[in-house]
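Below, each chain spelled out in residue letters.
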Amino acid sequence: MVATVLWEALFCKGWAQPPNCITKNLPEVTKSANSFQQSNVIVIGKVPDRPYVVVVPEKSDKVLNLVRSYIADAFLAQHRLGGYVYAGGFSQRESAECLSNLLRSHGLDARVVYFH
């Protein structure tokens, strides 16, 4: 029974489509998830007020380039538990889950973690 449900879920048309919270226009998504302008300074990287982070737990150029095909400013990062691709930081968990679901819909092992 479980195998049948899983099989159907894997091959359903909705499985490979971007989540509803992402616009169909991917260039809007790829503009920037990791940089913003503050006064006349552009801030790049991890931002303290964006603790919900979408990560892909693998540190390779191949995975980084694949993530960058959706999120242009993704970057490699290191944690004491290992390396990962930092796809984006958000102040709201819902936004992070949305990006995670988008990346998962394209076969990436994206996860939301909370860095405080």
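The structure under discussion appears in the preceding block.
Since the model is a prediction, treat every value here as computed from it, not as a measurement. (Residues numbered from 1 in each chain as written. Predicted model: local features only at pLDDT ≥ 70, side-chain atom pairs only at ≥ 80, totals over all residues. Heavy atoms only, no water.)

Participant: Any chance you could explain the pairing of strand β5 (residues 82-90) here in plain terms?
Facilitator: Along any regular strand the residues' side chains alternate between the sheet's two faces. Within β5, seven of the nine residues are buried, which leaves the element mostly enclosed by the surrounding structure. Looking at chain direction, strand β3 (residues 52-56) and β5 are connected through five bridges and run antiparallel. Paired with Y52 across the strands is F90, a residue of β5. In textbook terms, the turn of a hairpin is the stretch between consecutive antiparallel strands, and for strand β4 (residues 75-79) and β5 this stretch comprises two residues. (Buried < 20%, exposed > 50% of the residue type's maximum accessible area, 1.4 Å probe, protein only. Helix = DSSP H or I, 4+ residues; strand = E, 2+ residues; numbered from the N terminus. Pairing = 2+ DSSP bridges.)

Participant: Would you mind going over the nonpolar core with me for this structure?
Facilitator: Nonpolar side chains tend toward joint burial in soluble globular proteins. Counting 18 residues, the largest nonpolar core has V54, V67, V85, L99 and L103 as its most contacted members. Broken down by secondary-structure element, the contributors of at least two residues to this core are β3, α3 (61-68), β5 and α4 (93-105). In terms of residues, this core owes the most to one element, α4, which gives four residues. When sequence neighbours within four positions are dropped, the list of residues in contact with V67 reads V56, A74, V85, A87 and L108. V53, V55, F75 and Y84 belong to the second-largest nonpolar core, a separate cluster that totals six residues. (Core = buried A, V, L, I, M, F, W, Y, C linked by side-chain atoms within 4.5 Å. Contact = heavy atoms within 4.5 Å.)

Participant: Can you help me understand the sheet that holds β5 in this one?
Facilitator: Two strands in a sheet stick together by hydrogen bonds in their backbones, pointing the same way (parallel) or opposite ways (antiparallel). Strand order in the open sheet made by the four strands is β4-β5-β3-β6, with antiparallel pairing throughout. Edge positions in the sheet fall to β4 and β6 (111-114), since each of these pairs with one other strand and no more. Taken over all neighbouring pairs, the strand axes of this sheet differ in orientation by 50° on average, direction set aside. With five bridges connecting them, β4 and β5 associate as antiparallel partners. For L76, the partnering residue across the bridge sits in β5 and is V85. (Axes fitted to C-alpha atoms, helices over the stretch in contact; angles between N-to-C directions.)

Participant: Is there a simple way to explain α3 in this structure?
Facilitator: Every α-helical turn comprises 3.6 residues, leaving residues that sit three or four positions apart pointing alike. Of the residues making up α3, those classed as buried are V63, L64 and V67. Angularly, the buried residues of α3 cover 100° about the axis, an arc narrow enough to put them on a single face. Turned more than 90 degrees from where α3 packs its buried face, D61 and K62 sit exposed. Where α3 is buried, its residues contact β3, β4 and β5. (Arc of directions from axis to C-beta.)

Participant: Would you take a moment to explain α4 for this structure?
Facilitator: The terminal C-alpha atoms of α4, which comprises 13 residues, lie 18 Å apart, in line with the 18 Å expected from a rise of 1.5 Å per residue. Among the residues of α4, A96, C98, L99, S100, L102, L103 and S105 are the ones counted as buried. Looking at the residues trailing α4, positive phi occurs at G107, about 85°. (Expected span 1.5 Å × (residues − 1).)

Participant: What is the right way to read the pattern of salt bridges from this model?
Facilitator: Opposite charge on two side chains allows them to pair when their charged atoms are near. Enumeration according to the criterion identifies three salt bridges in this entry. Note that E97 and R93 form a salt bridge whose closest N and O atoms lie 2.9 Å from each other. Placement of the pair is E97 and R93 together in helix α4, with a separation of four residues, close to one helical turn. Here E97 falls in the partly exposed class, since its relative accessible area comes to 27%. With a closest N to O distance of 3.5 Å, D109 and R104 form a salt bridge. Salt bridges sharing common partners tie together R104, D109 and R111. (Salt bridge = Lys/Arg side-chain N within 4 Å of Asp/Glu carboxyl O.)

Everything listed here is a matter of geometry and, on its own, says nothing about what the molecule does.
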